[in-house]
Amino acid sequence: MKKLIFAFITMLFVPLAHAAPEFKEGVEYSVVSEVAGSKPEVTEFFSYICPHCYSFQPLMDKLAERVPEAEINKVPVSFLGKDLGPVLQRAYGAAKLLKVEDKLTPVMFDRIHRQKKVPGSIDDVKEVFVANGVDAKDFDGVINSFALNGMISKYDKLTEKFNIRGTPTVIVRNKYQLNMGEIGSEERFYRVVEYLLSAD
C-alpha cells in the first residue's frame, strides 16, 4: 500500500519536473556565448546620446535594488553620435575613475535629453564635471591617462566581442542577451534577468 501511495505521489510531481520554462531561448533572450560567467553579473551597453538608454536608466536602477547580489556594469559604446561617440565614452570612463559615475551619469543624461545641451568636445565635458564638484586638475589628470585609455580599449573589445549594434543592450552573465522587443513589460524585464541569473 505504501509503495502504491509513493508511486501516485511521484506521478503527481512528474509534470512539474517537465514543465516548460517561463522564458525561452530565441524569444526573450539569445545565447551569445557557450560559457556563462562564474558570478552574477548584468552588463548594459549604452551611450549617453541614446534616448532609449536615457529612458532605460530607471529600470536599471530598480534592477539593482531587486538583485542586490548581482554586479551591475555599464559599457559605453563609441559608435553612436559620430565624432561625439568617443568623447562621451571617454566621459563615462573618466567618471568611473574619479568615482563620480553615480552622480555624473544622471547629469549627463539630463543635460543631453531634457535640457538639450549636448557637449560637443572634451572641454564641454570638463565644464560639466567641474560644475558638479570635480576639481579641474583631477579631471585633467585622468582624461588622457594610461588608465582611461586601458578602459576605453576594454569597452571597445567587449562591444566587439558581443557584436553590439544597438543600445541599450543587456547581457546577463556574459552568456545571455536580452531580446528587449520580445519582453514586453518592465516587470517581465526584471523576471527575465532574475531567471537568467540562475540559469544553467
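This one's a predicted model, so the numbers in the text were calculated from it and none came from an experiment. (Residues numbered from 1 in each chain as written. Predicted model: local features only at pLDDT ≥ 70, side-chain atom pairs only at ≥ 80, totals over all residues. Heavy atoms only, no water.)

(A) Geometry of unusual backbone geometry. In the segment running from Thr 167 into Pro 168, the intervening peptide bond is cis, with an omega of -5 degrees. Along the chain, Pro 168 falls in the loop between α7 (146-161) and β4 (169-172). The phi dihedral of Lys 116 is positive, around 60 degrees, even though this residue is not glycine. Here Lys 116 shows up in the loop between α4 (101-114) and α5 (122-131). Despite not being glycine, Asn 174 has its phi angle at roughly 60 degrees, a positive value. (Helix = DSSP H or I, 4+ residues; strand = E, 2+ residues; numbered from the N terminus.)

(B) Representation of the nonpolar core within the structure. Phe 45, Tyr 48, Val 100 and Phe 129 are the most contacted members of the largest nonpolar core, which has 35 residues in total. Among the elements of the structure, β2 (41-46), α3 (84-97), α4, α5, α6 (136-143) and α7 are those that each provide at least two residues to this core. It is α3 that contributes the most residues to this core, seven residues altogether. Ignoring any residue separated from it by four or fewer positions in sequence, one finds Phe 45 in contact with Val 75, Val 77, Leu 158, Thr 159, Phe 162, Ile 164, Thr 167, Pro 168, Thr 169 and Ile 171. Leu 63, Tyr 176, Leu 178 and Ile 183 belong to the second largest nonpolar core, which has 21 residues in total. (Core = buried A, V, L, I, M, F, W, Y, C linked by side-chain atoms within 4.5 Å. Buried < 20%, exposed > 50% of the residue type's maximum accessible area, 1.4 Å probe, protein only. Contact = heavy atoms within 4.5 Å.)

(C) Highlighting the side chain of Asn 132. Tracing the backbone shows Asn 132 in the loop between α5 and α6. A polar contact is formed between the side chain of Asn 132 and the backbone oxygen of Val 128, at a distance of 2.8 Å. Among all residues touching Asn 132, those that are not within four sequence positions of it are Lys 103, Leu 104 and Val 107. (Polar contact = N/O pair within 3.5 Å; in protein donor to acceptor, adjacent residues only side chain to side chain.)

(D) Summary view of the pairing of β4. Burial along β4 is two-sided: Thr 169 and Ile 171 and Val 170 and Val 172, pointing in opposite directions, are all buried. Two strands pair when backbone bridges link them, and β2 and β4 are joined in this way by four bridges, in the antiparallel orientation. Of the residues in β4, the one forming a bridge with Thr 43 is Ile 171. Note: β4 against strand β5 (residues 176-178), two bridges, orientation antiparallel. Residue Ile 171 lies in a different strand from β5, and its bridge partner there is Gln 177. Linkage of β4 to β5, two consecutive antiparallel strands, is achieved through a turn of three residues, within which Arg 173 is found at a positive phi near 55 degrees. (Pairing = 2+ DSSP bridges.)

(E) View of the environment of Gly 133. Within the secondary structure layout, Gly 133 lies in the loop between α5 and α6. Considered as a pair, Gly 133 and Val 100 are 33 residues apart in the sequence and their alpha carbons are 9.3 Å apart.

(F) View of the pattern of salt bridges. Throughout the structure, instances matching the rule amount to nine salt bridges. A salt bridge links Lys 74 to Glu 44, with the shortest nitrogen-to-oxygen separation between them at 2.7 Å. You can see Lys 74 sitting in strand β3 (residues 71-76) and its partner Glu 44 sitting in strand β2, a full 30 residues away along the chain. Taking the shortest distance from any N to any O, the salt bridge between Arg 114 and Asp 110 comes out at 2.6 Å. Linking Arg 114 with Asp 110, this pair stays in helix α4, spanning four residues, or about one helical turn. By relative accessible area, which is 54% here, Arg 114 ends up exposed. Because the salt bridges share partners, they merge into one network encompassing Arg 66, Glu 187 and Glu 194. (Salt bridge = Lys/Arg side-chain N within 4 Å of Asp/Glu carboxyl O.)

(G) The arrangement of the packing of α3 against α7 in detail. Between α3 and α7, the shortest axis-to-axis distance is 10 Å and the interhelical angle comes to 125 degrees. Judged on the interaxial angle alone, α7 and α3 are oblique. Considering how the two elements wind past one another, α3 and α7 form a crossing that is right-handed. Here Gln 89, Arg 90, Tyr 92, Gly 93, Ala 94, Lys 96 and Leu 97 of α3 come into contact with α7, specifically with Ala 147, Leu 148, Asn 149, Met 151, Ile 152, Tyr 155 and Asp 156. For the contact of α3 with α7, a count of residues per class yields eight nonpolar, three polar and three charged. (Axes fitted to C-alpha atoms, helices over the stretch in contact; angles between N-to-C directions. Parallel < 35°, antiparallel > 145°, perpendicular 65-115°, else oblique. Left-handed = near helix turned anticlockwise from the far one by under 90°. Nonpolar A, V, L, I, M, F, W, Y, C, P; charged D, E, K, R; others polar.)

Scope: geometric values only; no functional claims are made or implied.
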